[in-house]
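# Structural overview
Next come the chains, spelled out residue by residue.
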Amino acid sequence: MRAVVLSTYGGPEGLSVSELPEPAAPDPDGVLVRTAAAAINPVDLQTRAGLHAGHSAVHPPMVLGWDLAGTVTAVGGAVTGFRVGDRVVAMSAQMATGRGTYAEVVALPADIVAHAPASVPLTVAAGLPLAGLTARQALDRLALPEGSSVLVTGAVGSVGGLAVQLARRRGLTVVAQVRSARDEEQARALGAHRVVDGANLPVADLDGLLETAGLPGAIGAVRDGGRAVSIVPTRAPVPERGVRVAVSHVEQDGPGLAELAALVDAGELRLRTAREFAFDDASEAHRRLAAGGVRGKLLLLPDVP
């Protein structure tokens, strides 16, 4: 099978397509998935640069990638929830599992897999797993009661855009931080009640903060004794004025992913795709994400029409 392999830590030039042995069979509690698309995430760029080498189970040469959408081609003997031909999505924590998703066929434990939303193409569904689970779990960690107000930074990014939609669905009043007038339109379309830029954040006014953009100073928008959760560990806010601060690390969660897929099918969660790249153009795709300003997911496809 073809896969995008990182030959050495460093820049995007270290990525290339290689021929690797295709997994012969799934584990008894696993499935084989033929990839329709794999999303590119900031963690892939960090891993490629070697920033996670100290706590990763795998090292170059290695296959990157956490997000996957595709079709089940084989099912382990202990698996009851999936059949050959099922359309599925999954998030594989590649640094821990060693199972990257930039490959034509991926072997995965069945408990991290979910049926894909039926209402969108697999190439769109591939943008759901990591960003969706990150947003959902961060909101769970924030645990604001219905009727509370929350500031979501990076509100039109991959995680922020889903967080805005999920927060509104939970009955929260959502204040979205954006960078431009174009972003303001997107944030409102995603359901934000109010939109602000980084220079005009509320002051000690809101019940909570969901920090997705690496803006630790945004804690100033939270009232005394409020709550803040960051998904950016290296730039988490420093607690002040009794504001409780936590960092949320995304965890693999097949059942949680299934619930997110159901929200997509119910029309309550919108997925956004920015651009599709062929496996052969993985280096270009990494450069595009690193350049910033991407609105929606960048996707790697084994075959681009």
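Below is a short write-up of the structure.

So, how was this worked out
Think of each chain on its own: its residues are numbered from 1, step by step along the sequence as written. Since the coordinates come from a predicted model, pLDDT governs what is reported: local features require at least 70, and pairs of side-chain atoms require 80 or more to be given and counted, while whole-chain, interface and lining totals use all residues. Computation of side-chain values covers all heavy atoms of the structure but excludes hydrogens and water. Think of it this way: any DSSP run of H or I at least four residues long counts as a helix, any run of E at least two long counts as a strand, and we number them from the N terminus. A 1.4 Å probe rolled over the protein chains alone gives each residue an accessible area, and that area as a share of the maximum for its type sets the label: buried under 20%, exposed over 50%, partly exposed in between. By this definition, two strands are paired if DSSP reports at least two bridges between them. Here an axis means a line fitted to C-alpha atoms, over the contact stretch when the element is a helix, while the angle between two N-to-C directions is reported on a 0 to 180 degree scale. Contacts are assigned to residue pairs with any non-hydrogen atoms lying within 4.5 Å of each other.

## So, unusual backbone geometry
Residues Pro 60 and Pro 61 are joined by a peptide bond in cis, for which omega reads -5°. Phi is positive for Ala 143, which is not a glycine, with a value near 55°. Within the fold, Ala 143 resides in the loop between α4 (129-142) and β9 (149-152). In this structure, Arg 241 is a non-glycine residue whose phi angle is positive, near 55°. Following the sequence through the fold, Arg 241 ends up in the loop between β13 (222-230) and β14 (244-247). You can call Arg 241 partly exposed: its relative accessible area is 32%.

## Re the sheet that holds β9
One open sheet accounts for six strands, arranged β11-β10-β9-β12-β13-β14; its pairing is parallel. Two strands lie at the open edges of the sheet, namely β11 (194-197) and β14, each paired on one side alone. Strand-to-strand twist of the sheet, defined as the mean angle between neighbouring strand axes without regard to direction, takes the value 20°. Relative to β13, α4 is tilted by about 150°, and along the sheet it contacts β9, β12 (206-211), β13 and β14.

## Focus on the sheet that holds strand β2 (residues 15-19)
Spatially, the three strands line up as an open sheet ordered β2-β1-β4, and their pairing is antiparallel. Two strands bound the open sheet, and with one partner strand each, they are β2 and β4 (62-63).

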